[in-house]
Amino acid sequence: MDSSRCPNIKHVAPTCQCMQREEKKGGRRRNKTDQQVESPKQIPISLLLSLSLSLAMDSDPDDPPRSSPNPNPRREDSSSESDQSDRLNSLTLQEQPSTNNQGRLTNGSLPPDFYSDEIEIVEEGVETNGEAGTVRNDGPPSPSSSGYAAERGSSVESSGGAEEESGEADWGRDKKYMNEDDGSASWRKRKKHFVILSNSGKPIYSRYGDEHKLAGFSATLQAIISFVENSGDRIKFVRAGNHQVVFVVKGPIYLVCISCTEEPYESLKGQLDLIYGQILLILTKSVNRCFEKNPKFDMAPLLGGTDVVFSSLIHAFSWNPATFLHAYTCLPLSYSTRQATNAVLQDVSESGILFAILMCKHKVVSLVAAQKASLHPDDIFLLANFILSSESFRTSESFSPICLPRYNAMAFLYAYVHFLDADTYLVLLTTRSESFYHLKDCRVRIENVLVKSNVLSEIQRSILDSSLRVEDLPMEKLNNNSNNESNLSNNNIGGPAGLWHFMYKSVYLKQYVSSDFSPPLNNPNQQKRLYRAYKKLYASMHEKGSGTHKTQFRRDDDYVLLCWITQDFELYAAFDPLADKAQAIKVCNRVCQRVRDLENEIFLYGESTFSW
């Protein structure tokens, strides 16, 4: 990279932290357990200089220049027909690339051993409306046997910081800043990048910019990873100034996060693992066979039209605690209503259904599984993200092949998805590819019973009325020896003793519940900062090698954080920065008691099994 582009950059010598895996000795290769290397490996300065130049920030990251969305976000495949034919023949793929009216490449078909039936993914035509770059779809969505049409939403620009999303629902559903590359000053100002590439250096996905324009940058990342691997080590992360570059290698797929958000390494690595899980949900781990047949295989066309899925997932890293707690949350319902819902799914669903899930947005209403089958919280989260990020699932009933990475990463299940109303949807999972009409009949019977028993109306009422508020915690008179600061924090805002927010995770159930944000945490950016503080607290409490800690009390200028971990639960709470430690501990005990009083309403106890 030409350093003349960045004349005012202060070069920082990056450091690399590696893990020793293997070493050659006496002509034999000896495996060693992963361990920290005291003296970091020295990576050629030409590679790291190229990376550090791209990461340099020469202006305020919270004030990025505006850039107009590119109406033509993807290039057509410029490879010659003969090269493409040879590539496809070597992979035994029957790929039929086609373009829409924007020249956007649609999804190619997967290898024959991916699906037992042919799955056609259709991309709808889009039309640009006006200078703002708003994209709309005219006419009804095209039917797709996969249940996923590669439609695109509106392209919007952030009005705050370089990537400060403003709330759960207010985010651009389309990929941002397609005209940027690693030579753009605006691209370098982004606080957090996610890049996916293959082991041959071919770009697969980039959060910002057109991944095809980042081919040179992807090659630099691939060279760094390969250099460390060739020496028998495994690279974990690189620090360059205030940036942290985290690497995750999953066979032939490399995932990289470049962040200056001060999130801990464990948190960023977990986010890369979830992104890889989302790839497996769409393609399964069998995609590795394509790389075995052709190391230069281009995986990007197989993920065509799924930018919105990954954008939604990355956005969830800022507001959804499930991404670092690895637990799911339930919609609060009365015990009798939840039991009635479970009974409906148990009695109506027939043999052949592996899982039946009734969900409201990202929250689980009811979950019924076949005997000896269980769902991991990460699979539930990734499945919900895949469904909610696509409008095609909302417009009609869908039957889509999906993979649950924590259940079986090598095989597809088949998901029947139908929205019962704007927020509530039913998911029926089976191993049989010909079960569409059977699952449709099951859905009709389930829906009829739910409507007649008023369960759907109870769900809508719960969405509006069932939130947990710290202000609703029972108040107790403070001791006379409490200091004035504690009384002040108790009487002003929030709950008792200045409690602003809490999260409670049941270790056994792998479920969590969190309160609504109390003032002054009513700003989306303040909420994002609190979640980042929670991530640091979570990482420090679960440090590998030192074991799980029991309690931690941390005070800074923004808030007091208190964490309490037992064999049954984990509690994370945020207080006013002037809160008294003794009073905060008493309030945490009161929170735990309040959760135990409501456990039948806020938790789903045990996955019910089908009656067959």
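Residues numbered from 1 in each chain as written. Predicted model: local features only at pLDDT ≥ 70, side-chain atom pairs only at ≥ 80, totals over all residues. Heavy atoms only, no water.

Engineer: Which residues make up the packing of helix H5 (residues 265-283) against helix H10 (residues 377-388), and what values go with them?
Structural biologist: Put simply, H5 and H10 touch, their axes get as near as 10 Å, and they point 65° apart. One finds that H5 runs roughly perpendicular with respect to H10. The handedness of the crossing between H5 and H10 comes out as right-handed. For the pair H5 and H10, contact is made by Leu274, Gly277, Gln278, Leu281 and Ile282 and by Asp378, Phe381, Leu382, Leu383, Asn385 and Phe386, respectively. (Axes fitted to C-alpha atoms, helices over the stretch in contact; angles between N-to-C directions. Helix = DSSP H or I, 4+ residues; strand = E, 2+ residues; numbered from the N terminus. Parallel < 35°, antiparallel > 145°, perpendicular 65-115°, else oblique. Left-handed = near helix turned anticlockwise from the far one by under 90°. Contact = heavy atoms within 4.5 Å.)

Engineer: Go over the nonpolar core, please, and point to the residues and values.
Structural biologist: Counting 88 residues, the largest nonpolar core has Ile275, Met299, Val427, Leu429, Tyr534 and Tyr572 as its most contacted members. Broken down by element, this core gets its largest block of residues, eleven residues, from H5. In contact with Leu429, other than residues within four places in its own chain, are Gly352, Ile353, Leu354, Phe355, Ile357, Leu383, Ile402, Leu404, Tyr414 and Ala415. Core analysis: the next-biggest nonpolar cluster, separate from the first, contains 25 residues, Leu473, Phe502, Ala579 and Val587 among them. (Core = buried A, V, L, I, M, F, W, Y, C linked by side-chain atoms within 4.5 Å. Buried < 20%, exposed > 50% of the residue type's maximum accessible area, 1.4 Å probe, protein only.)

Engineer: Go over the pattern of salt bridges with me, naming the residues and quoting the values.
Structural biologist: Think of it this way: side chains of opposite charge can pair up when their charged atoms draw near. The full count for this structure, using the stated rule, is 13 salt bridges. Put simply, Glu263 and Lys535 hold a salt bridge, and the shortest N to O gap is 3.0 Å. Remark: Lys535 occurs in helix H15 (residues 524-541) and Glu263 occurs in the loop between strand S9 (253-259) and H5; sequence separation between them is 272 residues. In terms of burial, Glu263 and Lys535 fall into one category: buried. Linking Arg469 and Glu471 is a salt bridge whose minimum nitrogen-to-oxygen distance equals 3.8 Å. A residue is classified by how much of its surface remains accessible, and Arg469, at 39% relative accessible area, is partly exposed. Bridged by salt links that share partners, the residues Glu397, Lys440, Arg443 and Glu447 form one connected network. (Salt bridge = Lys/Arg side-chain N within 4 Å of Asp/Glu carboxyl O.)

Engineer: Before we move on, can you summarise the confidence of the model for the protein with the specific residues and values?
Structural biologist: Looking at the protein, pLDDT values average 75 and 66% of them are 70 or higher. Confidence drops under pLDDT 50 across residues 1-41; counting only partners more than four residues distant or on other chains, this segment forms 75 contacts. Low confidence marks residues 478-491, where pLDDT is under 50. Its contacts with residues over four positions away, or in another chain, come to 24 contacts. (pLDDT = per-residue confidence, 0-100.)

Engineer: Which residues make up unusual backbone geometry, and what values go with them?
Structural biologist: Following Pro519, the chain continues into Pro520 via a peptide bond in cis, with omega recorded as 10°. At His326, a residue that is not glycine, the phi angle is positive and equals roughly 55°. A residue is classified by how much of its surface remains accessible, and His326, at 29% relative accessible area, is partly exposed. At Asn454, a residue that is not glycine, the phi angle is positive and equals roughly 65°.

Engineer: Got a sec to walk through the sheet that holds strand S19 (residues 569-575)? Specific residues and values, please.
Structural biologist: The antiparallel open sheet is built from five strands, whose spatial order is S16-S15-S19-S18-S17. On the outer flanks of this sheet lie strand S16 (511-514) and strand S17 (551-555), each paired with one strand and no other. With direction set aside, neighbouring strand axes in the sheet form an average angle of 10°. Here strand S15 (residues 499-506) pairs with S16 via four bridges, running antiparallel. Bridging across to S16, Lys505 finds its partner in Tyr512. Sheet contacts for H15: S15, S17, strand S18 (560-565) and S19; angle to S18, the most-contacted strand, approximately 40°. Contacts between helix H16 (residues 581-597) and the sheet are confined to S15, S17, S18 and S19, with S19 contributing the most and set at about 130° to the helix. (Pairing = 2+ DSSP bridges.)

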